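Summary of the model geometry
For reference, the chains in residue letters:
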Amino acid sequence: MKCLLIASESAEVLFHWTDLEYQRNIQEQYGASQEEGEELPAFEDILSTLFAPIIISYSTMEDSYTSFTTDNNHIYVLHQFDECLYIAVNGDGEEKEDDLRRKMYVMKKMIECIEFLERRLVQQLNSSVERAGEEVLHAFILVHTKLLAFYSSRNASILTTSDLLALIIMAQNMYPSNVDLDDQSPEDVESTSGSGPESFYTPEPSPSSRDSGSSDRPDRRGTPVFEFVDPDIQMAEDSLHALEISPPDPSTPRRVFLDISLKDGLYPMMPHSMYCLPLWPGITLVLLTKIPTSAVALSVYKYLEDFDKLEKRLREGQGSSAAARSPLNMQDVRCKLDKFVKALGPSELQSAQLQIVWTEFKNRAFAKNGPGFNKDLIPWCKKMKTQLCGIYRQCFLIDSTDFPQRLSPGLQEGAQAMMQEKLMDWKDFLLVKSKRNITMVSYLEDFPGLVHFICVDRSSGQMIAPSLSITERTTSELGKGPVARFIKSKRLLRYYSKNHKGETVKCYELLTVHLGVIPTEIILQHCRQLASKLWEPSRNPLL
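From a predicted model like this one, the values you see are computed outputs, not experimental measurements.

With seven of eight residues buried, strand 14 (residues 283-290) is to be regarded as a mostly interior element. Across eight bridges, the pairing between strand 6 (residues 135-143) and strand 14 is antiparallel. In the strand pairing of strand 14, valine 143 is matched with isoleucine 283. Here eight bridges tie strand 13 (residues 265-280) to strand 14, and the two strands are oriented antiparallel to one another. Residue pairing for strand 14: cysteine 276 is matched across the bridge by valine 286.

Shown next as structure tokens:
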């Protein structure tokens, strides 16, 4: 029976969280006042109606109250933070007034991480002259693999769930958490001493003769094989017996390619720069920036689509008149592509090759005495697409040291210092909280007699399972551990509807462990309620 709500001064509910028991209780009370056959409104509307008198009275009374208890022993604690009113409710007696007040302060602090990213960090980075033309579009803080705060600028495209998950895995790979060692077997632990930099061990050098500098050893067939050993190489092998690789330089960005959606369509593989700035072990600040040459990628995508459409129409037998009347106006493409090639300049080899092929294409397509738009132009459409792909490769897939485009090291260090100062008093709390995924304690309260459960999506191989212990050794990150290995060993299932053959039917498997004294009908009821709770929509698909 718990609820946490944030409202504006105009009684608008900005955020709410309730447990399942509180939600049922409110819906039952509201449903009792409804006429028979009338459907219940949305739960958000019920909360707004229920809390509106409390919010209005709190804001209008001269001597505002900070807490009260209702006839049914529900405790309400209220606190005004700036222009927002926080209300915490408990109805099961597990939390006292001080506990609710502490919960509100923690929630307020979490919201300040989010606001800090937008109002100070991102604005300061984007207004600096040291950003080298880059613009921070997305910023988020990771605690191990959990999202603490996430911010996207208004002019940024929505970051897809798959891209966000890939970025989290990349950040975890660059700065792995120490909890990864807990999931290793004893043999793995013996082969990786400590949690320092990764080490590569070379085999012992073959025995050699000091006099001749050569050695002989028989091969599998018994024939002597002579092996000459250079003394300098021998010394190098001895000194590099354990070669250690230092951690990645956080000031060097990673080139990542994300799907973005603009007004004129979807653009896959748009290049961005990714900065992973470690704050403390296990806590990382990630910045995604728009690079100065992103307009080149947009142009390449548009021209690739134009030539692909033209090639398709030429294969279908449409002549020059049809090409001129079609929505694909080649005269407009010609004008824009001329400016694009001119802006690239002939200095780079790939740009010069594009200019040569484009000139030949124009002579064949637009010249008065040329063949015009017919099937003879199809090979030149392919050549143009090849050259455009070469421009994309040259600009975004090959590292260029001549024109370093990145946030300056000083700017990155300033961002790290700002976030460390903001989170200093909370880092230990966040690291502890991040160890737990689904806390079994809450499910024991909601489903008495339930010991453990595993929910498996058999169509995608994903699973949801609570942590059995609060110790760090039993936690699992990124699908590691014995339970995850067992789930991965099952074969994926695909079901298709007979009536809708083109649609895939999801297949879920729910495994539960109950105490033996629990009746069967209660277990079935738990399974239905648990499935409903697990599939409740969330504001963030990863949480």
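Its location among the elements puts threonine 289 in strand 14. Among the residues examined, threonine 289 registers a relative accessible area of 0% and is labelled buried. Beyond its immediate sequence surroundings of up to four residues, threonine 289 is in contact with Glu134, Glu135, Val136, Leu137, His272, Ser273, Tyr275 and Leu407.

This part is about a nonpolar patch on the surface. Together, Val451, Val513, Leu515 and Val517 make up a nonpolar patch on the protein surface, roughly 360 Å² of accessible area in all. Among the structural elements, valine 451 can be located in strand 15 (residues 450-457).

Now for the packing of aromatic side chains. Counted according to the given criterion, the structure contains 16 aromatic pairs. Ring centres of tyrosine 65 and phenylalanine 68 lie 5.7 Å apart, and the angle between their planes is 80°; this geometry places the pair in the edge-to-face category. Assessed through its relative accessible area of 22%, tyrosine 65 is described here as partly exposed. Residue classification places phenylalanine 68 among the partly exposed positions, given a relative accessible area of 27%. Ring centres of phenylalanine 257 and tyrosine 392 lie 6.3 Å apart, and the angle between their planes is 40°; on these two criteria the pair is classed as tilted. Placement of phenylalanine 257 in strand 12 (residues 254-262) and of tyrosine 392 in helix 11 (residues 378-397) is noted, with a sequence separation of 135 residues between them.

With that settled, consider helix 4 (residues 161-174). Between its terminal C-alpha atoms helix 4 stretches 20 Å, which fits the 20 Å expected from 14 residues at 1.5 Å a residue. Residues Asp163, Leu164, Leu167, Ile168, Ala171, Gln172 and Met174 constitute the buried set of helix 4. Here the buried face of helix 4 lies against strand 6, strand 7 (146-152), strand 12, strand 13 and strand 14.

Each packed pair of helices is defined by two parameters, the angle between the axes and the distance between the axes. The N-to-C vectors of helix 10 (residues 349-365) and helix 11 enclose an angle of 160°; their axes lie 9 Å apart at closest approach. Taken together, helix 10 and helix 11 sit at an angle that is classed as roughly antiparallel. When the axes of helix 10 and helix 11 are compared, the crossing they make is left-handed. Listed contacts from helix 11 to Gln350, Ser351, Gln353, Leu354, Val357, Trp358, Glu360, Phe361 and Arg364 of helix 10 are Trp380, Cys381, Lys383, Met384, Gln387, Leu388, Gly390, Ile391 and Gln394. A per-class count over the contact of helix 10 with helix 11 returns nine nonpolar, six polar and three charged.

Spatially, the three strands line up as an open sheet ordered 16-15-19, and their pairing is antiparallel. In this open sheet, the two edge strands, each paired with only one partner strand, are strand 16 (462-464) and strand 19 (508-514). In this sheet, adjacent strand axes meet at a mean angle of 15° when their direction is disregarded. The pairing of strand 15 with strand 16 spans three bridges and is classified as antiparallel.

What follows deals with the sheet that holds strand 14. Hydrogen bonds between backbone atoms are what pair the strands of a sheet, whose relative direction is either parallel or antiparallel. Read from one edge to the other, the open sheet built from five strands follows the order 7-6-14-13-12, with strand pairing classed as antiparallel. The strands lining the two open edges of the sheet, one partner per strand, are strand 7 and strand 12. In this sheet, adjacent strand axes meet at a mean angle of 30° when their direction is disregarded. Contacts from helix 12 (residues 409-423) reach strand 6, strand 7, strand 13 and strand 14 within the one sheet, and its direction differs from that of strand 13 by about 65°.

Checked against the element boundaries, aspartate 163 lands in helix 4. A sequence separation of 94 residues divides aspartate 163 from phenylalanine 257, and the C-alpha atoms of the two residues are 8.8 Å apart.

For an α-helix, the turn length of 3.6 residues means that residues three or four places apart are oriented alike. With 15 residues, helix 16 (residues 520-534) should cover 21 Å at 1.5 Å per step; its first-to-last C-alpha distance of 21 Å lies within 8% of that length. All of the buried residues along helix 16 are His526, Gln529, Leu530, Ala531, Lys533 and Leu534.

The next subject is the confidence of the model for the protein chain. Averaged over the protein chain, the pLDDT score is 75; the fraction of residues at 70 or greater is 71%. Note that pLDDT drops below 50 for residues 322-327; the model gives that stretch four contacts with residues more than four away or on any other chain. Predicted confidence for residues 537-543 stays below pLDDT 50, and this span has eight contacts to residues more than four positions away or in other chains.

In total, this model carries 16 salt bridges according to the counting rule given. Ionic pairing is found between glutamate 94 and lysine 2, a salt bridge with its closest N-O pair at 3.1 Å. Taken as a pair, glutamate 94 in the loop between strand 5 (84-90) and helix 3 (97-126) and lysine 2 in strand 1 (residues 2-8) lie far apart in primary sequence, 92 residues in all. The class of lysine 2 is buried, set by a relative accessible area of 13%. Its salt-bridge partner being lysine 109, residue glutamate 112 comes within 3.8 Å of it at the nearest N-O pair. With glutamate 112 and lysine 109 both in helix 3 and three residues apart, this pair spans about one turn of that helix. You can call glutamate 112 partly exposed: its relative accessible area is 23%. Each of Asp308, Glu311, Arg315, Lys382 and Lys385 takes part in one network of salt bridges that share partners.

Scoring rules and cut-offs
Residues numbered from 1 in each chain as written. Predicted model: local features only at pLDDT ≥ 70, side-chain atom pairs only at ≥ 80, totals over all residues. Heavy atoms only, no water. Buried < 20%, exposed > 50% of the residue type's maximum accessible area, 1.4 Å probe, protein only. Helix = DSSP H or I, 4+ residues; strand = E, 2+ residues; numbered from the N terminus. Pairing = 2+ DSSP bridges. Contact = heavy atoms within 4.5 Å. Patch = residues over 30% accessible without salt bridge, like charges linked within 9 Å, V, L, I, M, F, W, Y side chains within 5 Å. Areas by Shrake-Rupley, 256 points an atom, 1.4 Å probe, with all protein chains shown as cover. Salt bridge = Lys/Arg side-chain N within 4 Å of Asp/Glu carboxyl O. Phe/Tyr/Trp six-rings, centres within 6.5 Å; stacked < 30°, edge-to-face > 60°. Expected span 1.5 Å × (residues − 1). Axes fitted to C-alpha atoms, helices over the stretch in contact; angles between N-to-C directions. Parallel < 35°, antiparallel > 145°, perpendicular 65-115°, else oblique. Left-handed = near helix turned anticlockwise from the far one by under 90°. Nonpolar A, V, L, I, M, F, W, Y, C, P; charged D, E, K, R; others polar. pLDDT = per-residue confidence, 0-100.

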